[in-house]
Amino acid sequence: MIGRCDGTSAIQGDSGFVFLFNPNYRKLKADFQLDSSIGLEAEGSFLLEELYPVEGRYLAGPDGGPWDHGAQVSVAMDGTSARVLRIRPFEAAAAEPTLLGASGEVRVSDGVLVISDVSGPVGEEIELSVWCPNEAAMVKSVTVNGKQVAFRKQGCAITCHVTFAGKPFFQAQQIGGYDAHFNGRAVEETFTIPKRIFEQLKRRRESWPVEYTDDDKVAPWIDSSRLLLFVQIAEPYAEGQGRRAKPYRKDQVKIEIDGQPVDVQEGYNGVYPYVTRTCMGMYADVSHLEPDVPHRVKVTLPDGLRPGQFQGLFFEHVENEYTRELLPQNPS
């Protein structure tokens, strides 16, 4: 599934669920249609409610409101992430305003649309939409978590953009970007790791105080209090196919950070070499790096990679953190 998302659906009548998964480290979009292709035969309008990872968040349709049967849905997926959506009919006669784009509370009072208790990933900008067919015309200003924000009206929908405070650093955070035409050998980028990431790893360590041996840590998924830098190469095999395929080895990949070489490890979906296993790529433990300062990384890749085979550099064992604090803006 390199470059694609996976998914399945479970629909009965006019309601059901869609399960989405991005097995890539790169951020991608999962696309599907609200029609018989997922088992949805009923006509009408629908709400798409997220159950995981943010319970109670509704996805906004193309016009900022509910979704029509047959609409194309495009869901942004973080690297190595899953999302679960519930589909149910939208009651068009509902008088209460409906918040889409985030979970939270919403009400209209004296011409002010008040959106409260909204949270989002640290440092991320999101679009909020409120579907209020009975009160949109009365709205003269909008506040989100107590801060006045710029907004626009489009029919029954009122939309605004907000940015959550803090330095962004997300699950499967990528250094640089993806170039489908790149087939060179040297990659050089600059990155900064916020202090809050190391605090997150420390809290995880304190909540799971297991002493792992060096042999345990051969498995990269063991001891998730480590911050790992993953060099992802799609189908990382130099030659051969199937059981005869020969994976790239760690001596074919060199990682330097701030001019100093870093120990490179080989990642497999199994740790024992005498059983069939799949090479996942190379990684390095970078838990020792100083936070909140720029670091320079240089990676030397194996010779002969195909264009786009190098997927990028990603951090592993990081989870999204959420905040209600917003960056200020000048409403207009």
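Asks: Report on the sheet that holds strand 13 (residues 125-131), specifying residues and quantitative values.
Replies: Either a parallel or an antiparallel arrangement is found when strands of a sheet pair, and the pairing is made through backbone hydrogen bonds. Here we have four strands laid out as an open sheet, ordered 9-13-17-16, and antiparallel in their pairing. Across the chains shown, the open sheet's two edge strands, defined by having one partner strand only, are strand 9 (98-100) and strand 16 (152-154). When strand polarity is set aside, the average angle formed by the axes of neighbouring strands in this sheet is 25°. As defined by bridge partners, strand 9 adjoins strand 13 across three bridges and the pair is classed as antiparallel. By the bridge assignment for strand 13, Leu 99 is matched with Val 130.

Asks: Go over the sheet that holds strand 11 (residues 112-116) with me, naming the residues and quoting the values.
Replies: Read from one edge of the open sheet, four strands run 10-11-14-15, paired in mixed fashion. Both edges of this open sheet fall to strand 10 (105-109) and strand 15 (147-149), since each of them pairs with a single strand only. Adjacent strand axes in the sheet meet at a mean angle of 25°, parallel and antiparallel pairs treated alike. In this structure, strand 14 (residues 141-144) lies alongside strand 15, joined through three bridges in antiparallel fashion. The residue bridging Thr 143 from the neighbouring strand is Gln 148, located in strand 15.

Asks: Mind laying out unusual backbone geometry, listing which residues take part and the relevant values?
Replies: Across the junction of Tyr 52 and Pro 53, the peptide omega takes the value 5°, indicating a cis bond. When you line up the elements, Pro 53 lands in the loop between strand 4 (45-52) and strand 5 (57-59). Even without glycine at this site, Asn 145 takes up a positive phi of about 50°. Relative to the helices and strands, Asn 145 is located in the loop between strand 14 and strand 15. Positive phi outside glycine occurs at Asp 292, with the angle close to 60°. Tracing the backbone through its elements, the reader meets Asp 292 in the loop between strand 26 (279-285) and strand 27 (295-300).

Asks: Residue-level account of the environment of Lys 298, with values.
Replies: Tracing the backbone shows Lys 298 in strand 27. When its relative accessible area of 31% is taken as the criterion, Lys 298 is described as partly exposed. Once you skip the residues sitting within four places of it in the chain, Lys 298 turns out to touch Ala 186, Val 187, Glu 188, Lys 254, Ile 255 and Glu 256.

Asks: Give a description of the state of the cysteines that names residues and reports values.
Replies: Taken as a whole and assessed by the stated rule, the structure comprises zero disulfides. Cysteine Cys 156 shares no disulfide, and the gap to the nearest cysteine sulfur, in Cys 132, comes to 7.6 Å. The exposure class of Cys 156 is partly exposed, given its relative accessible area of 26%.

Asks: I'd like a rundown of helix 1 (residues 195-207), residues and numbers included.
Replies: With 13 residues, helix 1 should reach 18 Å at 1.5 Å per residue; the first-to-last C-alpha distance of 19 Å fits that figure. Among the residues of helix 1, Arg 196, Ile 197, Phe 198, Gln 200, Leu 201 and Arg 204 are the ones counted as buried.

Asks: Provide a residue-level description of the side chain of His 295, including the pertinent values.
Replies: Position of His 295 among the secondary structure elements: in strand 27. Residue class for His 295 comes out buried when judged on its relative accessible area of 5%. The residues contacting His 295, other than those within four sequence positions of it, are Glu 189, Thr 190, Phe 191, Ile 257, Asp 258, Leu 289 and Glu 290.

Asks: Describe the pairing of strand 28 (residues 310-316), with residues and values.
Replies: The buried fraction of strand 28 amounts to six of the seven residues, a majority that puts the element mostly inside the structure. Pairing of strand 18 (residues 174-175) with strand 28, which is carried by two bridges, proceeds in the antiparallel orientation. What sits directly across from Ile 175, in strand 28, is Leu 313. As judged from the six bridges shared by strand 20 (residues 228-233) and strand 28, these two strands associate in the antiparallel manner. Looking across to strand 28, one finds that Ile 233 is bridged to Phe 310.

Asks: With reference to specific residues and values, describe a nonpolar patch on the surface.
Replies: Judged by side-chain polarity, Phe 17, Phe 19, Leu 51 and Tyr 52 come together as a nonpolar surface patch covering roughly 350 Å² of accessible area. Put simply, the parts of the chain that give the nonpolar patch at least two residues each are strand 2 (15-22) and strand 4. Structurally, the position occupied by Tyr 52 is in strand 4. A relative accessible area of 46% places Tyr 52 in the partly exposed class.

Asks: With reference to specific residues and values, describe the nonpolar core.
Replies: Ile 193, Leu 227, Ile 255, Val 297, Leu 313 and Phe 315 are the most contacted members of the largest nonpolar core, which has 30 residues in total. Of all the secondary structure elements, the ones that give two or more residues to this core are strand 19 (186-191), helix 1, strand 20, strand 23 (254-257), strand 26, strand 27 and strand 28. Once residues lying within four places of it in the same chain are set aside, the contact partners of Val 297 are Ile 175, Val 187, Glu 188, Glu 189, Phe 191, Leu 229, Ile 255, Glu 256, Ile 257 and Leu 313. Membership of the second largest hydrophobic core comes to 20 residues, among which are Leu 99, Val 130, Ile 158 and Cys 160.

Rules used throughout
- Every chain's residues receive numbers from 1 upward, in the order its sequence appears when written.
- Only residues with pLDDT of at least 70 are given local features in this predicted model, and only at 80 or more are side-chain atom pairs given and counted; all residues enter the totals for whole chains, interfaces and linings.
- The side-chain quantities take in all heavy atoms of the structure and omit both hydrogens and water.
- Strand pairing requires that DSSP identify at least two bridges connecting the strands.
- Every helix listed is a DSSP run of H or I at least four residues long, and every strand listed is a run of E at least two residues long, numbered separately from the N terminus.
- Interaxial angles span 0 to 180 degrees and are taken between N-to-C directions of axes, which are lines fitted to C-alpha atoms, for helices over the stretch in contact.
- The cut-offs for exposure are 20% and 50% of the maximum accessible area for each residue type, with area from a 1.4 Å probe on protein chains only; residues under the lower value are buried, those over the upper are exposed, and the others partly exposed.
- Here a residue-residue contact requires only that any non-hydrogen atoms of the pair lie within 4.5 Å.
- Any two cysteine sulfur atoms lying within 2.5 Å of each other are counted as a disulfide.
- Here, expected helix span is obtained from the residue count minus one, scaled by 1.5 Å.
- Like charges within 9 Å and nonpolar side chains (Val, Leu, Ile, Met, Phe, Trp, Tyr) within 5 Å are joined into patches, using only residues over 30% in relative accessible area that form no salt bridge.
- The accessible surface values rely on the Shrake-Rupley method and a 1.4 Å probe; as for residues, cover is taken only from the protein chains in view.
- Put simply, a salt bridge is a Lys or Arg side-chain nitrogen that is within 4 Å of an Asp or Glu carboxyl oxygen.
- Buried Ala, Val, Leu, Ile, Met, Phe, Trp, Tyr and Cys residues form a nonpolar core when they are joined through side-chain atoms within 4.5 Å.

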